[in-house]
Amino acid sequence: MKNANPLWKFFCSVKLTIVLLLSLAITSIIGTVIPQNENPDAYLHAYGAFRYQLLSTLGIFDMYHSWWFQGLLLLLTVNIMVCSIDRLSGSWKLIFTRNPKVRPERFTNRSDARTLTDKRGAEELVRVYEPIVARRYAHCRVTRSSDGAVIYGEKGRLSRLGVYIVHLSVILLLIGGLTGSFFGFEGYVNIAEGEATDTIRIRNTGQIHRLDFQIRCDDFSLTLYETGAPKEYRSALTILEGGQPVKQKDIIVNDPLRYRGINIFQSSYGKLQPEKMPRPEPPVAGPAEAYTLNFTSRASGMSYAVSAKVGAPVDIPEGLGKFVVLSYEAAAAFRGMDVGAALKGILTPPEGEPVEVLLPLKFANFDKMRGGDVMIAVANQPQEAFTPQQPTEERYFTGLQVTNDPGVWMVYTGFILMLAGCFVAFYLSHQQVCIVIEPLRKNSRVTVAGTANRNKLAMKKTIDKLFTAMTGS
């Protein structure tokens with residue numbers, strides 16, 4: 001039997017439900033306090049290399065997609081399902097039995113039962129009282145015996161399912177969330193006017209995801225306020241399959257294009273750099289564990305070569321502060337301009353706030369633009385002058401957010417079921433009334449009583465109204 005199964009007992013435990021809910025609440029607070037899905041450089045700066053690695057391994061920076069958070073949701077789903085099945089099995093006969101057995105003493109022994117004495121016989125009283133009960137209760141049954149008669153009325157039996165409807169809605173919400181987490185995706189892509197693509201970059205992981213169709217940006221338009229702030233930006237998009245257009249739509253913020261369960265939102269835009277003739281790039285070394293950096297003091301003019309490992313702070317000579325290399329980027333950008341391979345780091349001066357520093361490997365004097373007491377450059381790299389060119393032609397790209405959540409219909413269904421279940425659970429009740437007619441020597445004693453699984457006060461008023469209708473007073 002399932003009740004003798006230790007695994008079944010474990011999952012139908014209310015204590016397990018409480019532990020899981022508390023665990024989810026506590027971890028959700030952590031996910032609120034610690035910003036999610038930020039740039040790794042921000043986490044490195046805030047927590048340092050060691051704590052960053054520890055928290056990243058635990059999935060704290062993308063907590064709601066971590067395996068352990070999804071595991072808690074899965075355990076809670078199984079827990080609610082098992083609890084619902086276990087308790088529904090005990091209520092099944094009460095809810096779905098066609099003709100439940102009526103025990104008159106269950107009603108006549110109630111302290112709030114109403115009693116009257118009538119000179120008419122049992123049969124005549126049944127003919128009078130049965131229509132009164134039948135008008136108020138969908139199920140009305142008369143049972144006769146040598147001891148008199150019993151008129152039994154009942155309605156709202158299915159209202160006992162309200163709590164199970166709420167349980168089912170929660171299960172659908174959890175399963176819908178897990179389905180979206182496991183099988184859905186959220187990515188982004190930038191598409192220049194007149195170009196098309198079938199690939200997006202997944203948010204958080206940066207992995208490339210290929211779509212089953214192409215998205216083409218036919219046109220991009222930007223409307224500005226008089227102040228120069230953007231008023232509206234609109235993208236004319238076309239969906240291509242096999243090179244043929246299958247759907248077209250102009251999208252703006254909060255008005256996406258939807259196709260085959262995938263939503264395409266307008267999220268950003270930007271200006272493209274004017275096209276330039278390609279020129280051969282000098283060879284640049286790839287990522288390494290350590291780099292030789294040149295620190296040049298503006299005050300003394302002295303230059304110092306210091307070896308710096310990634311993630312390990314180094315002291316700058318002349319007491320000019322500390323510097324730590326955070327990461328290597330193969331294609332870095334500065335104000336929308338490609339500067340090639342570069343290092344990113346944090347400079348902490350003796351006084352003042354830490355500063356983020358970009359060090360392109362091929363531009364020796366790039367850090368001069370920043371100012372400050374020290375200039376930093378990467379040594380042992382081919383160097384050239386940094387001469388940014390001003391754009392001569394305005395051309396835009398559209399930034400799109402592309403999402404797919406296969407569990408969203410479960411979430412919507414769950415919300416609808418939760419509203420229905422709460423209405424049934426809080427506003428409807430299972431009501432049972434019983435009129436017991438017992439023959440006396442010359443009279444009949446009539447007892448009226450009722451029960452309800454909730455809202456006892458309203459049931460008492462119902463019995464009072466029924467008694468008034470029977471007595472005509």
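Residues numbered from 1 in each chain as written. Predicted model: local features only at pLDDT ≥ 70, side-chain atom pairs only at ≥ 80, totals over all residues. Heavy atoms only, no water.

### Considering the overall build of the protein
Of regular secondary structure, the protein possesses nine helices and 20 strands. A globule of 473 residues ought to have a C-alpha radius of gyration of about 23 Å, yet the protein, at 37 Å, is considerably larger. Along the first, second and third principal axes, the C-alpha set of the protein runs to 125 × 55 × 45 Å. Counting only residues that meet the buried cut, the protein has 38% of its 473 residues in that class. (Helix = DSSP H or I, 4+ residues; strand = E, 2+ residues; numbered from the N terminus. Rg over C-alpha atoms; globule rule 2.2 N^0.38 Å. Buried < 20%, exposed > 50% of the residue type's maximum accessible area, 1.4 Å probe, protein only.)

### As for helix 8 (residues 408–427)
Here helix 8 is 20 residues long and its end C-alpha atoms lie 28 Å apart, about the 28 Å a rise of 1.5 Å per residue gives. Listed in full, the buried residues belonging to helix 8 are Met410, Gly414, Gly421, Val424 and Ala425. For helix 8, the angular spread of buried residues about the axis comes to 95 degrees, placing them on one side. The exposed residues of helix 8 that point more than 90 degrees off its buried face are Tyr412, Ile416, Leu419, Phe426 and Tyr427. (Expected span 1.5 Å × (residues − 1). Arc of directions from axis to C-beta.)

### Observations regarding the sheet that holds strand 12 (residues 303–309)
Sheet architecture is open: three strands sit in the order 12-11-17, paired in antiparallel fashion. Of all the strands in the sheet, just strand 12 and strand 17 (374–378) have a single pairing partner and so form its edges. The mean angle between the axes of side-by-side strands here comes to 30 degrees, regardless of whether they run parallel or antiparallel. (Pairing = 2+ DSSP bridges. Axes fitted to C-alpha atoms, helices over the stretch in contact; angles between N-to-C directions.)

### Concerning the packing of helix 2 (residues 14–33) against helix 4 (residues 67–96)
Close contact between helix 2 and helix 4 brings their axes to 10 Å; oriented N to C, the two are set at 150 degrees. Judged on the interaxial angle alone, helix 4 and helix 2 are roughly antiparallel. Like other packed secondary-structure pairs, helix 2 and helix 4 cross with a definite hand, here left-handed. Two secondary-structure elements touch here, helix 2 through Val14, Leu16, Thr17, Leu20, Leu21, Ser23, Leu24, Thr27 and Ser28 and helix 4 through Trp68, Phe69, Leu72, Leu73, Leu75, Leu76, Asn79, Cys83 and Arg87. (Parallel < 35°, antiparallel > 145°, perpendicular 65-115°, else oblique. Left-handed = near helix turned anticlockwise from the far one by under 90°. Contact = heavy atoms within 4.5 Å.)

### Some details on the environment of tyrosine 64
Turning to its location among the elements, tyrosine 64 is positioned in the loop between helix 3 (40–57) and helix 4. Sequence separation of tyrosine 64 and tyrosine 304 is 240 residues, and the distance between their C-alpha atoms is 46 Å. Leaving out residues up to four positions away in the same chain, tyrosine 64 has contacts with Ser28, Gly31, Thr32, Gln36, Phe69, Gln70 and Ser181. Side-chain polar atoms of tyrosine 64 contact the backbone oxygen of serine 28, separated by 3.4 Å. (Polar contact = N/O pair within 3.5 Å; in protein donor to acceptor, adjacent residues only side chain to side chain.)

### Describing the pairing of strand 6 (residues 208–224)
Judged from the five bridges that link them, strand 5 (residues 196–202) and strand 6 form a sheet pairing that is antiparallel. Of the residues in strand 6, the one forming a bridge with alanine 196 is arginine 216. Strand direction decides the pairing type here: strand 6 and strand 7 (residues 230–241), joined by 10 bridges, are antiparallel. Looking at the pairing, glutamine 214 lines up with leucine 240 of strand 7. Where strand 6 hands over to strand 7, the hairpin turn is made up of five residues, of which glycine 228 adopts a positive phi near 95 degrees.

### Points about the packing of aromatic side chains
For the coordinates displayed, the defined rule picks out 19 aromatic pairs. Ring geometry for tyrosine 43 against tyrosine 47: centres 6.5 Å apart, planes inclined by 25 degrees, an arrangement best described as stacked. Remark: tyrosine 47 and tyrosine 43 occur in helix 3; sequence separation between them is four residues, near one turn of the helix. Members of the aromatic cluster, joined through ring pairs, are Tyr43, Tyr47, Tyr52 and Phe61. In this structure, arginine 114 is placed above the aromatic ring of phenylalanine 467, and the distance from its NZ or CZ to the ring centre is 4.3 Å. Looking at lysine 155, its charged tip hangs above the ring of tyrosine 137, at a distance of 5.2 Å from the centre. (Phe/Tyr/Trp six-rings, centres within 6.5 Å; stacked < 30°, edge-to-face > 60°. Lys NZ or Arg CZ within 6 Å of the ring centre and 35° of its normal.)

### Re unusual backbone geometry
One non-glycine residue, glutamate 318, lies in positive phi territory at about 65 degrees. Tracing the chain through its elements places glutamate 318 in the loop between strand 13 (314–316) and strand 14 (321–334). Since its relative accessible area comes to 39%, glutamate 318 is described here as partly exposed. A positive phi is found at asparagine 455, a non-glycine position, where the angle reads about 55 degrees. Assignment of secondary structure puts asparagine 455 in the loop between strand 20 (444–452) and helix 9 (456–471).

### A look at the pattern of salt bridges
The full count for this structure, using the stated rule, is 19 salt bridges. Note that aspartate 112 is salt-bridged to arginine 110, the shortest N-O span being 3.1 Å. The exposure class of arginine 110 is partly exposed, given its relative accessible area of 31%. When the shortest N-O distance is used, the salt bridge between aspartate 218 and arginine 216 registers 2.6 Å. Judged by relative accessible area, which is 34%, aspartate 218 ranks as partly exposed. Connected via shared salt-bridge partners are Arg114, Lys460 and Asp464. (Salt bridge = Lys/Arg side-chain N within 4 Å of Asp/Glu carboxyl O.)

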